[in-house]
Structure formats: structure tokens, C-alpha cells
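Each chain is listed here by its residues.
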Amino acid sequence: MHIIIGGAFNGKRAYVKQLIDATWYERELPEKVAGNIVLANIEGILQEHLEEEEEQVASDIAEKIRLLDAQSDELVVILTDMGRGVVPLEKEQRQLRDTCGRLYQLLFKEATTITRIWYGIPEILKKGLAQ
């Protein structure tokens, strides 16, 4: 699994499009896949589960992504970094930020490669085997 993370509108999608030819899934975790796939807008999926316990939601979604990784030739997951900056005033936005943080920790442990995109510039944070 290759994770691409960065702030909103920092060039993550453009980077991935140059990196890999793949089938894209937006705000969706399909049941079965083949070939190269890209999962984007995972945060949108989490928004649908904000009333549920955040650790369980993060665990369930991480498991679904692990299964997709096992089915695909190459899996790229695009994530929006929400952990920096001002803590939102709205309860739902804080919950989303917290749930994303828990999910991202699980995915980062599994990922073989993690790339941060900052204003279109890639920085490799992790390269090698998953832990």
C-alpha cells in the first residue's frame, strides 16, 4: 500500500496521476478489485459514521482497505492531512479529525510507502516494508 498525504489542494491527485495508471474510487470502498487502484476521499466515507465509536470505525475501514490491498496489484490511498492547524469549533468536524487520525495511524503502520505532498513537492516519509 502506498499512501499519499497532504493538505487540501496541495497536488496529491496530480502526483498520483503521474505515478500510476489505475482505476479510481472516490468516497467508496468496493467489495472486489483487480489491477492498480486508487482510493480517494476516504474522509468522506468517515463522515457517514461520525455517530459511531471512532476506534471501531477506524478499525473497520482499515480492515476493508487491507483486503483491497491484498486483492490489487498496487493500491494507492490518497489522504487529506487534517491534523495540523486550527482545531475546528464544530463537534462533527472535531470528531472527523479525530477519527481520521486514528484511521491514518492504522494505515501508516500497514503502508510500505508513504509520500507527503506539500504544494506539489513529494517527500518520502516511509519506504520499505510494512511494520
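Keep in mind that this is a model prediction, so the values were computed, not measured. (Residues numbered from 1 in each chain as written. Predicted model: local features only at pLDDT ≥ 70, side-chain atom pairs only at ≥ 80, totals over all residues. Heavy atoms only, no water.)

Visitor: What is the right way to look at the overall build of the protein in this model?
Guide: Scanning the protein from N- to C-terminus turns up 4 helices and 6 strands. The linear arrangement of helices and strands in the protein, starting from the amino end, is β-α-β-β-α-α-β-α-β-β. In terms of overall dimensions, the protein has C-alpha extents of about 40 × 35 × 25 Å along its principal axes. Relative to its full complement of 131 residues, the protein shows a buried share of 40%. If you take every contact in the protein between residues at least 6 apart in sequence, the share linking residues at least 24 apart comes to 62%. As displayed, the protein has an accessible area near 7,600 Å², and 50% of this comes from carbon and sulfur atoms. Here the protein carries 16 positive and 22 negative side-chain charges, and the mean point of each set is 5 Å from the other. (Helix = DSSP H or I, 4+ residues; strand = E, 2+ residues; numbered from the N terminus. Buried < 20%, exposed > 50% of the residue type's maximum accessible area, 1.4 Å probe, protein only. Contact = heavy atoms within 4.5 Å. Areas by Shrake-Rupley, 256 points an atom, 1.4 Å probe, with all protein chains shown as cover. Lys, Arg positive; Asp, Glu negative; His and termini not counted. Charge placed at Lys NZ, Arg CZ, Asp CG, Glu CD.)

Visitor: Please clarify how the pattern of salt bridges should be interpreted in this entry.
Guide: Side chains that differ in sign of charge can pair as their charged atoms come close. Scanning all chains against the criterion turns up 7 salt bridges. Between Arg-13 and Glu-26 there is a salt bridge, with its nearest N and O atoms 2.4 Å apart. You can see Arg-13 sitting in helix H1 (residues 12-19) and its partner Glu-26 sitting in strand S2 (residues 23-26), a full 13 residues away along the chain. A salt bridge links Arg-66 to Glu-63; the nearest nitrogen and oxygen atoms lie 2.9 Å apart. Residue Arg-66 and its partner Glu-63 are located together in helix H3 (residues 54-71), separated by 3 residues, close to a single helical turn. (Salt bridge = Lys/Arg side-chain N within 4 Å of Asp/Glu carboxyl O.)

Visitor: Explain the sheet that holds strand S1 (residues 2-6) to me, please; I cannot follow it from the model alone.
Guide: Each strand in a sheet pairs with another by means of backbone hydrogen bonds, the pair being arranged parallel or else antiparallel. Here 6 strands make up an open sheet; going across it, the order is S2-S3-S4-S1-S5-S6 and the pairing mixed. Across the chains shown, the open sheet's two edge strands, defined by having one partner strand only, are S2 and strand S6 (121-127). Within this sheet the neighbouring strands show an average axis-to-axis angle of 20 degrees, counted without direction. Two strands pair when backbone bridges link them, and S1 and strand S4 (residues 74-80) are joined in this way by 5 bridges, in the parallel orientation. (Pairing = 2+ DSSP bridges. Axes fitted to C-alpha atoms, helices over the stretch in contact; angles between N-to-C directions.)

Visitor: Mind showing me how you'd approach unusual backbone geometry here?
Guide: Trans is the prevailing form of peptide bonds, just as negative phi is the prevailing case for residues other than glycine. Of note, the phi angle at Asn-41 is positive, near 60 degrees, even though the residue is not glycine. Locating Asn-41 in the fold gives a position in the loop between strand S3 (36-40) and helix H2 (42-47). A residue is classified by how much of its surface remains accessible, and Asn-41, at 28% relative accessible area, is partly exposed.

Visitor: Would you take a moment to explain the nonpolar core for this structure?
Guide: As a rule of thumb, nonpolar side chains are buried together in soluble globular proteins. Leu-39, Ile-42, Ile-61, Ile-65, Val-77 and Leu-103 are the most contacted members of the largest nonpolar core, which has 28 residues in total. Here the element with the most residues in this core is H3; it accounts for 6 residues. Discounting residues that sit within four places of it in the chain, Ile-61 has contacts with Leu-29, Ile-42, Ile-45, Leu-46 and Leu-103. In terms of nonpolar packing, the next biggest core, distinct from the first, is built from 9 residues, Ile-20, Ala-40, Ile-78 and Ile-117 among them. (Core = buried A, V, L, I, M, F, W, Y, C linked by side-chain atoms within 4.5 Å.)

Visitor: Teacher, can you tell me more about the packing of H3 against helix H4 (residues 91-110) here?
Guide: Each pair of packed helices can be summarised by the angle the axes make with each other and by the distance between the axes. Look at H3 against H4: their axes get within 9 Å of each other, and the N-to-C directions meet at 40 degrees. By the angle class used here, H3 and H4 are oblique. The chirality of how H3 crosses H4 is right-handed. Contacts between H3 and H4 involve Glu-54, Glu-55, Val-57, Ala-58, Ser-59, Ile-61, Ala-62, Ile-65 and Arg-66 from the first element and Gln-95, Asp-98, Thr-99, Arg-102, Leu-103, Leu-106, Leu-107 and Glu-110 from the second. (Parallel < 35°, antiparallel > 145°, perpendicular 65-115°, else oblique. Left-handed = near helix turned anticlockwise from the far one by under 90°.)

Limitation: the analysis is restricted to geometry and does not speak to function.
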